[in-house]
Amino acid sequence: MRISDYHLRMKSRIYTYTALLAFILGSGLQAQKAAPKQPQKIDEEYTRTIKQNLQDPRITTELVDHLPASDTVPSPLKFLGRAVGTPGELTYAKDIYRYYEALAKAAPGRAKYWKVGTTEEGRDIVLLAIADEATIKSLDKYRDMLGELTDPRKTTEARAQQLLHTAKPIYYAISGMHSPETGGPEMLIELAYRLIVEETPFIQNIRNNVITLITPVIEVDGREKQVDTYYFNKKRTPGDARLPLMYWGKYVQHDNNRDGMGQFLKLTQAVTKETLEWHPTVIHDLHEAQTYLYSSTGTGPYNNDIDPIVVSEWWTLAQNDVMEMTKRGVPGVWTYGFYDGWVPNYMFFIAHSHNSIGRFYEVQSYGPDPYEVRPGATTTSKEWFRPNPPLPQIKWGPRNNTNIQQSALLFSLSHVAKNKDLYLENYWLKNKRAVDKGKTGPTYGWVIPATQRRKADAADAVNELRMQGLEVSRATSAFKAGSVDVKAGDYVIRGDQPFRTLADMYFSIQNYAPQNPSPYDDTGWTFQYMRDIKILPVGEKNILDQPMTMLTADAKAPGGIEGTPSTSLGAGGLTLVVDHTADNNLVTFRFKNKDVKMAAAEDDFELSGHKFRAGSIVIANADRAKLEPMLKDLGLSAWAVASAPSVKTHDLDVPRIGYIHSWTRTQDEGWWRAALDTFGVPYTYFADQKLREGNLRSKYDVLIFPHVGGSAVSQVNGMPKTGNSPLPYKKTAEFPNLAFVDSSDDIRGGMGVEGLVELAKFVQEGGTLITEGSTAIIFPEYGITTGVTVEEPAALFVRGSILRSKITDMKSPIAYGYGTADLPVYFNQAPVLNAAGGGFGGFGGGGRGGAPGTNPNAGFGQNVTPNAVPLRIQPLEADQNPAPAGRGERPAADDMAQFRQMAQQFGIAIDDTRPRVVMQFSANPTDMLLSGTLANGQLLANRAAALDHPLGKGHIVMFAIRPFWRWQTQGTYTLGFNAIMNWNDLDAGKQQAAPRGTASQQPQ
Ligand SMILES: [Zn+2]
């Protein structure tokens, strides 16, 4: 404070002298005009901090080695009390907001600040716009000009040509998505000031020709937790365990950057909303997970449905960064590598699905405590994409981080400003080409039948696509388009719209050749497969001329009560039968009417001329007045009959649900919560540590334990008990952002074997435990269940793909509502569950210890044309290939016996009941892959995708697939919902159990 005051006094004194001098010299303004322009004054104090805080003198450029002074606009130092890049300090989003607000107030001609969204926890998401005075004054006009360039259906070529010279590109910078990556938001504090204040021709050119939009923190909830966590740890006693960042947003951590397609999270929705309103030319997302500075291009394969112009734009922008930074001798700015560019689930892909440019940086971490970086040879070698590579050793810290990314971002802004006509022309061209695709084919549009089996889910899908900017129409009368019979009311997505790019991306079938470099994330995402709905491409141009009107409000599936009893009501009154169509809203209906007695049919049946699937809900003595509006609202159909159908039923007992999470990882489990919260399934959320308290069965009927990751043992052990004192995750006056979603006095130590025993007891006493992914292996690996073997086939390669699964037991309550045996499912490498009897019947291909996700290309020379040999992919409908006969056998793992013994020591009675396999992966490896990638599918053939393992009086449901994945797999949500709703009757429809395997290999 003292230094600041002194500085202020000095500054005002200097200004007095200058003013006086100007007055003495006569008209200062005229003198300035005549004389060459004076260089802008420097903020000496701030500039000193830049030099002092810099960890290495090579990590700087002329753009960021100083800060210009201003009389009217507060510097970060003046406003926040410290300069950006100060070691050992982090800034809360709320303080960044205060600063941005102050900037816009101090420089209203050059900056505008407003709120654009609200997070799950109620915090603001904001935007700061920066440009020259004339542009800020007419911001709406410039927004509308880009809107015109977006839509060639409304804008003439002549008007567009004019706009290419008068419009201005928008460059939208976003940061703070990954909360532990702390530097981007800090750097953006300084960048905003510099862009508003600096008067060099370089910055003036940016200000005059580009509109810069900044959202400094997009995961606001996580940022505040991160800053709290940092300062909390600073106060911990040396030797005590440090608190990891437990939750970021309410639902997920790192996956907040995998929500670009699902768009469940508020932060994604905010960016989509901004994209649809402003049509940013570039969306640039700032991250921190690489050495020095990686500018995105990726190794390929690139997404098939982005316009090829985008690929050139990626490379031009990245190469500009590399060149400009290399020119200045800054080491370690590079491109290529790191990721692939394939899956459109990243936030910056929102730009691509809307014909703009998306890109990102990965910067060496901010810290904020300085540290040393010593990368290995594969990072420091000189390569074509890395002419000036990172050094074998360097001192790093917050100021290096600020300098390197601020400089590169300024070079990008400058490049777009200098080439604004080019980028605007490209944008116009991409929109035109998208519309033209609809006129020239081969795909002229898509039809989503409104009355298809899952009609509520189809309407849901339509609404989510509309939210992302895709125009959807409804046929006003029936017609035939090519081979597609369109009914009045069906949804039509015209192919001749600019954002059809999104439809192309989402509805296409992915073919990721395993010869490519190892995929960075999911390889398959086909929208209609993941949602188990019909979306029909139309290859006939006449669809564009058919009668249809554009939807201007949310679609709603038809629903309500059909049919009325033909005879007068019996003594039992009105009976309602709600068809189970696998629509996700059925679970909503059940839980909205907890007090209504409902029963589920245990078999398919026919009634009033309608065929009902097993699982359909029968409600005797139904209160029509209450239930009918609800059914209508949910898009579900029921039939009113005089008496119950003769099919066997069981009561749908409403369960008390417990939801288990682990403190070791609060990431993937959130996707289950997202679905339960949205569809109205209540639960009690608690940490696995609490399992130790026991008495679970008296509290819960169903326990949900979603994927944690790691081995069975690591999941049971939880966070290691390091340090001498407890590690609390609690809200305090000092750290008010902690302890959400859950809290604990000590997060160390997981359920332990004691907790596992309690979990087993819960099942044995009649509870239903639902597991998926990694948690599905705990019981088999500990030998508590004996009918499933966990295989780890090293040669299997299936990375986030959509595979064909077969419902092998249509009468299992878990499969209720599904119309056909073939169901597309999302599967990612593990776990491979063999329920074929004692762990053989499959060819292990190397047995245990294999590395999942091993790149099959490893060890071979570089394949530069990996896409030349596409994989064989079959359409979902054509499943005509016989399975190859004869498969090898693999001995059972002998350590299971040991686990069993151990479990018995802890008092778990193990019975030899066989699991009921509900779904398994296709028997035929050649028709297994529906979208994505797969190698050595024979290692997955016939393995369980979902099974129900009885244990004592209860059940363990094991999903090898991930039924609730990233708000994309709506098609498999109902598997989970069915297990919840029918928890007390999972044995319904079960075939007489076969005697336990006679196989001699069965461990004893
Ligand atoms: Zn990141």
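Nothing here was measured: the structure is a model prediction, and the numbers come from that model.

Engineer: Describe the side chain of Thr-581, with residues and values.
Structural biologist: Tracing the sequence through the fold places Thr-581 in the loop between strand 19 (575-578) and helix 21 (585-592). For Thr-581, the side chain forms a polar contact with the side chain of Asp-583, separated by 2.7 Å. When neighbours within four sequence positions are excluded, Thr-581 is seen to be in contact with Arg-453, Arg-454 and Gly-817.

Engineer: Let's hear about the sheet that holds strand 15 (residues 491-494): which residues, and what values?
Structural biologist: In space, the 5 strands of this open sheet follow the order 16-11-15-12-17, with antiparallel pairing throughout. The open sheet terminates on both sides in strands that have one partner only, identified here as strand 16 (536-538) and strand 17 (548-550). Between one strand axis and the next, the sheet turns through 30° on average, direction left out of account. Relative to strand 15, strand 12 (residues 473-475) runs antiparallel, the two being bridged by 2 bridges.

Engineer: Just give me the short version of the packing of helix 5 (residues 93-106) against helix 9 (residues 183-197), but keep the residues and values in it.
Structural biologist: Running from amino to carboxyl end, helix 5 crosses helix 9 at an angle of 5°, the nearest separation of the two axes being 11 Å. Between helix 5 and helix 9, the angle falls in the class roughly parallel. Contacts from Ile-96, Tyr-99, Tyr-100 and Leu-103 in helix 5 reach Pro-185, Leu-188, Ile-189, Ala-192, Tyr-193 and Ile-196 in helix 9. Each residue belonging to the contact of helix 5 with helix 9 can be placed in one class, and the counts come to 10 nonpolar, no polar and no charged.

Engineer: Can you explain the environment of Glu-89? Please cite residues and give values.
Structural biologist: As for its position among the elements, Glu-89 is in the loop between helix 4 (76-80) and helix 5. Setting aside residues up to four positions removed in sequence, Glu-89 forms contacts with Arg-82, Glu-186, Tyr-230, Tyr-231, Lys-234, Tyr-366 and Pro-368. Only 2.6 Å separates the side chain of Glu-89 from the side chain of Tyr-231, close enough to count as a polar contact.

Engineer: Lay out unusual backbone geometry in plain terms, naming residues and giving numbers.
Structural biologist: Geometrically, the link from Gly-300 to Pro-301 is a cis peptide bond, its omega value of 0° lying close to zero. That bond from Phe-740 to Val-741 is cis: its omega, 20°, falls within 30 degrees of zero. Residue position: Val-741 is located in the loop between helix 25 (712-717) and helix 26 (752-764). The backbone of Gln-829 sits at a positive phi, close to 75°, despite the residue not being glycine. Among the secondary structure elements, Gln-829 is positioned in the loop between strand 32 (822-827) and strand 33 (832-834).

Engineer: Describe the sheet that holds strand 2 (residues 124-130), with residues and values.
Structural biologist: Strand order in the open sheet formed by 8 strands is 1-2-4-3-5-8-6-7, and the pairing between neighbours is mixed. What marks the edges here is a single partner per strand, and that holds for strand 1 (111-118) and strand 7 (333-334). Direction of pairing for strand 6 (residues 293-295) relative to strand 7: parallel, over a ladder of 2 bridges. Each bridged residue has a counterpart across the sheet, and for Leu-293 the counterpart in strand 7 is Val-333.

Engineer: If you had to explain the coordination of the zinc ion to someone new, which residues and values would you point to?
Structural biologist: Distances from the zinc ion to its protein donors, namely His-178 (ND1), Glu-181 (OE), Glu-181 (OE) and His-287 (ND1), fall within the range 2.1 to 2.4 Å. Seen from the zinc ion, its 4 donor atoms lie at angles of 55 to 146°, and the figure they make is irregular. Site description for the zinc ion: donor spacing in sequence, H-x2-E-x105-H. The buried category is assigned to His-178, whose relative accessible area is 3%.

Engineer: Requested: an account of the pairing of strand 28 (residues 702-705), with residues and values cited.
Structural biologist: By the alternation rule, side chains of strand 28 split into Val-702 and Ile-704 and Leu-703 and Phe-705, which are all buried. With 3 bridges connecting them, strand 26 (residues 657-661) and strand 28 associate as parallel partners. From the neighbouring strand, Gly-658 faces strand 28, where its bridge partner is Leu-703. Pairing between strand 28 and strand 29 (residues 768-772): 4 bridges, direction parallel. Within strand 29, the position partnered with Phe-705 by the bridge is Thr-771.

Engineer: Tell me what's going on with empty space enclosed by the protein, and back it up with residues and numbers.
Structural biologist: Tallied over the full model, the rule gives 5 cavities of 30 Å³ or more. There is about 70 Å³ of room inside the largest cavity. Lining the largest cavity, in full, are Met-261, Gly-262, Trp-525, Phe-527, Arg-531, Trp-967 and Gln-968. Residue composition of the lining of the largest cavity, grouped by class: 4 nonpolar, 2 polar and 1 charged.

Engineer: Can you tell me about the layout of surface pockets, naming the residues and giving the values?
Structural biologist: Counted as a void, the second largest pocket has a volume near 700 Å³. Gln-528, Ile-533, Lys-534, Ile-535 and Glu-877 are, among the 34 residues lining the second largest pocket, the residues nearest its centre. Put simply, the parts of the chain that give the lining of the second largest pocket at least two residues each are helix 19 (500-507), helix 20 (527-530), strand 16 and strand 32. The element that contributes the greatest number of residues to the lining of the second largest pocket is helix 19, accounting for 4 residues. A class-by-class count of the residues in the lining of the second largest pocket yields 15 nonpolar, 9 polar and 10 charged.

Engineer: Break down helix 19 for me, citing the residues and quoting the values.
Structural biologist: When you tally the buried positions in helix 19, you get 8 out of 8 residues, the bulk of the element. All buried positions along helix 19 are accounted for by Arg-500, Thr-501, Leu-502, Ala-503, Asp-504, Met-505, Tyr-506 and Phe-507. Of the surrounding secondary structure, the elements contacted by the buried residues of helix 19 are helix 14 (349-352), helix 17 (420-440), strand 11 (445-448), helix 18 (455-467), strand 15 and helix 20.

Engineer: Describe in detail the packing of helix 21 against helix 22 (residues 624-634), supporting the description with residues and values.
Structural biologist: As a packed pair, helix 21 and helix 22 sit with axes 10 Å apart at the nearest point and diverge in direction by 155°. Taken together, helix 21 and helix 22 sit at an angle that is classed as roughly antiparallel. As helix 21 packs across helix 22, the resulting crossing turns out to be right-handed. Of helix 22, the residues touching helix 21 (which contributes Asn-585, Thr-588, Phe-589 and Lys-592) are Leu-627, Met-630, Leu-631 and Leu-634. Split by residue class, the contact of helix 21 with helix 22 holds 5 nonpolar, 2 polar and 1 charged.

Engineer: Explain helix 11 (residues 220-234) to me, and be specific about the residues and the numbers.
Structural biologist: Compared with an ideal rise of 1.5 Å per residue, which puts 15 residues at 21 Å, helix 11 spans 22 Å between its outermost C-alpha atoms and is within 8% of the ideal. Of all 15 residues in helix 11, 14 are buried; the element is thus mostly enclosed.

Engineer: Go over the confidence of the model for the protein with me, naming the residues and quoting the values.
Structural biologist: Per-residue pLDDT for the protein averages 91, and the proportion of residues at 70 or more is 88%. Counting interchain partners and residues more than four positions distant, the pLDDT-below-50 stretch residues 838-860 has 62 contacts. Within the model, pLDDT remains below 50 along residues 994-1004, and this stretch shows 20 contacts once partners closer than five positions in the same chain are excluded.

Engineer: If you had to explain the packing of aromatic side chains to someone new, which residues and values would you point to?
Structural biologist: The final tally for this structure, using the stated rule, is 52 aromatic pairs. Geometrically, the ring pair formed by Tyr-292 and Trp-396 is stacked, given 5.0 Å between the ring centres and 25° between the ring planes. Placement of Tyr-292 in the loop between strand 5 (282-287) and strand 6 and of Trp-396 in strand 10 (residues 394-396) is noted, with a sequence separation of 104 residues between them. Take Tyr-292: its relative accessible area is 0%, and that puts it in the buried class. Its relative accessible area of 0% is what places Trp-396 among the buried residues. On the numbers, 6.2 Å between centres and 75° between planes, the contact of Tyr-973 with Phe-977 is edge-to-face. Of the two residues, Tyr-973 and Phe-977 are both situated in helix 29 (residues 970-981); the distance of 4 residues between them amounts to about one turn of the helix. Considered together, Tyr-973 and Phe-977 belong to a single accessibility category, that of buried residues. A cation over an aromatic ring shows up here: Lys-94 above the ring of Tyr-92, its NZ or CZ 5.0 Å from the ring centre.

The rules behind these values
- Residues numbered from 1 in each chain as written.
- Predicted model: local features only at pLDDT ≥ 70, side-chain atom pairs only at ≥ 80, totals over all residues.
- Heavy atoms only, no water.
- Helix = DSSP H or I, 4+ residues; strand = E, 2+ residues; numbered from the N terminus.
- Polar contact = N/O pair within 3.5 Å; in protein donor to acceptor, adjacent residues only side chain to side chain.
- Contact = heavy atoms within 4.5 Å.
- Pairing = 2+ DSSP bridges.
- Axes fitted to C-alpha atoms, helices over the stretch in contact; angles between N-to-C directions.
- Parallel < 35°, antiparallel > 145°, perpendicular 65-115°, else oblique.
- Nonpolar A, V, L, I, M, F, W, Y, C, P; charged D, E, K, R; others polar.
- Donors = N, O, S within 2.8 Å, 3.2 Å for Na, K, Ca; no water.
- Tetrahedral: all angles 85-135°; square planar, octahedral: opposite > 155°, others 65-115°.
- Buried < 20%, exposed > 50% of the residue type's maximum accessible area, 1.4 Å probe, protein only.
- 1 Å grid on protein atoms, 1.4 Å probe; cavity = no way out; pocket = protein on both sides within 12 Å on 5 of 7 lines; lining within 4 Å.
- Points joined across faces, edges and corners; volume = space filled by probe spheres on them.
- Left-handed = near helix turned anticlockwise from the far one by under 90°.
- Expected span 1.5 Å × (residues − 1).
- pLDDT = per-residue confidence, 0-100.
- Phe/Tyr/Trp six-rings, centres within 6.5 Å; stacked < 30°, edge-to-face > 60°.
- Lys NZ or Arg CZ within 6 Å of the ring centre and 35° of its normal.

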